[in-house]
Amino acid sequence: MDKKITELLDAQVNKELYSAYLYLGISKFFSKEGLGGFASWYKVQAEEEQEHAMKIYDYLLENGQDVTLNSLAAANVDFKDALAAVKEADKHEHYITKEIEKIMDAAVEHKDYRTQLFLNWFITEQEEEEHNSGEMVEKVEMLGNDKKNLYLLDKELGSRK
Ligand code: FEO
């Protein structure tokens, strides 16, 4: 595997783990706001991000590469309201899509067909991630930041497993 691709994949392990950290922070924000359904939804999302990181981690090791496990950046989760929190998640997913695409570009450039196949799953996943995060922004925008309005959505979100 080309060094550039292993470096990008290695860095992506860290970015996916940071995503988990960010979502845990968003979950904590909603817990403190008394919106347990939102909190639970973002906690499940944090678990999914760890799975994304593990997929890349396993792929690197199975292909005889190393994973550096660098330290994680602190997640800034000091949100002014619910809308700011869900918007941060949406912005982050768009960023992650771009990062996955950069790795795909490198895999295409280096004719690394195996990594291209591996990344297809992430390309599809990011479509779903952006759809979910965008829909969350739309819903919170529709309801406004008033907790009484958010309560109904909170019940719905709490059912995510
Ligand atoms: Fe791992 Fe939400 O992208």
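Here, the structure is the one placed above.
Values in this document were obtained by computation on a predicted structure and should not be read as measured data.

(A) Just the overall build of the protein chain, in detail. When its secondary structure is counted, the protein chain shows five helices and zero strands. Taken from N to C terminus, the helices and strands of the protein chain fall in the order α-α-α-α-α. Viewed in the frame of its principal axes, the protein chain has a C-alpha envelope of about 55 × 25 × 25 Å. Here the protein chain holds 161 residues, and 45% of them are scored as buried. Put simply, 81% of the contacts in the protein chain that link residues at least 6 apart link residues at least 24 apart.

(B) Quick peek at the packing of aromatic side chains. Following the criterion strictly, the structure yields nine aromatic pairs and no others. Centroid distance Phe29 to Phe30: 5.2 Å. Interplanar angle 75 degrees. Geometry classified as edge-to-face. For the cation-ring pair, Lys55 lies above Trp121, with the distance from its terminal atom to the ring centre recorded as 4.2 Å.

(C) Region of the structure containing helix H4 (residues 113–143). Over its 31 residues, H4 extends 45 Å from the first C-alpha to the last, a length consistent with the 45 Å expected when each residue adds 1.5 Å. Of the residues flanking the end of H4, it is Gly144, one or two places downstream, whose phi is positive at about 80 degrees.

(D) Here's a closer look at the pattern of salt bridges. Following the criterion strictly, the structure yields eight salt bridges and no others. Here Glu99 makes a salt bridge to Lys15, at a shortest N to O gap of 2.8 Å. Taken together, the residues span a long stretch of sequence, with Glu99 in helix H3 (residues 82–109) and Lys15 in helix H1 (residues 3–32) at a distance of 84 residues. Residue classification places Glu99 among the buried positions, given a relative accessible area of 10%. Residue classification places Lys15 among the partly exposed positions, given a relative accessible area of 21%. Its salt-bridge partner being Glu33, residue Lys147 comes within 3.9 Å of it at the nearest N-O pair.

Reading guide: rules and limits
Residues numbered from 1 in each chain as written. Predicted model: local features only at pLDDT ≥ 70, side-chain atom pairs only at ≥ 80, totals over all residues. Heavy atoms only, no water. Helix = DSSP H or I, 4+ residues; strand = E, 2+ residues; numbered from the N terminus. Buried < 20%, exposed > 50% of the residue type's maximum accessible area, 1.4 Å probe, protein only. Contact = heavy atoms within 4.5 Å. Phe/Tyr/Trp six-rings, centres within 6.5 Å; stacked < 30°, edge-to-face > 60°. Lys NZ or Arg CZ within 6 Å of the ring centre and 35° of its normal. Expected span 1.5 Å × (residues − 1). Salt bridge = Lys/Arg side-chain N within 4 Å of Asp/Glu carboxyl O.

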